[in-house]
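Working through the structure, step by step
The primary structure of each chain is shown beneath.
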Amino acid sequence: MMTITLKVKNMKCMGCVNTILGNLPTVNGITNVKANLVSQTVTFDYETQTSLEQAIAKLKELGYPAEMQ
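Residues numbered from 1 in each chain as written. Predicted model: local features only at pLDDT ≥ 70, side-chain atom pairs only at ≥ 80, totals over all residues. Heavy atoms only, no water.

**What to know about the environment of Cys13**
Counted only if it meets this: Helix and strand assignments come from DSSP, with helices taken as H or I runs of at least 4 residues and strands as E runs of at least 2, each series counted from the N terminus.
Take Cys13: it is sitting in the loop between strand S1 (2-8) and helix H1 (14-23). Between the C-alpha atom of Cys13 and that of Lys60, which follows or precedes it by 47 residues, the distance is 17 Å.

Written as structure tokens, this is what we have:
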């Protein structure tokens, strides 16, 4: 497992945080998801490069485009 922190745009309230926390763990290989509203970051563990790419795609699909810090 590897850990990454991504800068996430459009995270404006706890509803946004809850959406991310509820959906990101559904991506295969993603665990230990944490979202920080103040810093607008999401940190999680991932198993493979593919699961990382799928997580980034899922965030974009949810309306929260992410970029590596």
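**Examining the sheet that holds strand S4 (residues 66-68)**
Rules: Paired strands, as defined in this entry, are two strands with at least two bridges between them according to DSSP. Each axis is a line fitted through C-alpha atoms, and for a helix only the stretch in contact is used; angles between axes span 0 to 180 degrees, taken between their N-to-C directions. Whether two residues are in contact is decided by their heavy atoms: any pair within 4.5 Å suffices.
The strand order across the open sheet built from 4 strands is S2-S3-S1-S4, with neighbouring strands paired in antiparallel fashion. Each of the sheet's edge strands pairs with one partner strand only, and the pair in question is strand S2 (30-36) and S4. Each neighbouring strand pair of the sheet contributes to a mean axis angle of 30°, computed without reference to strand direction. One ladder, built from 3 bridges, connects S1 with S4; its direction is antiparallel. Within S4, the position partnered with Lys7 by the bridge is Glu67. Together, S1, S2 and strand S3 (41-46) form the strand contacts of H1, whose direction differs from that of S2 by roughly 175°.

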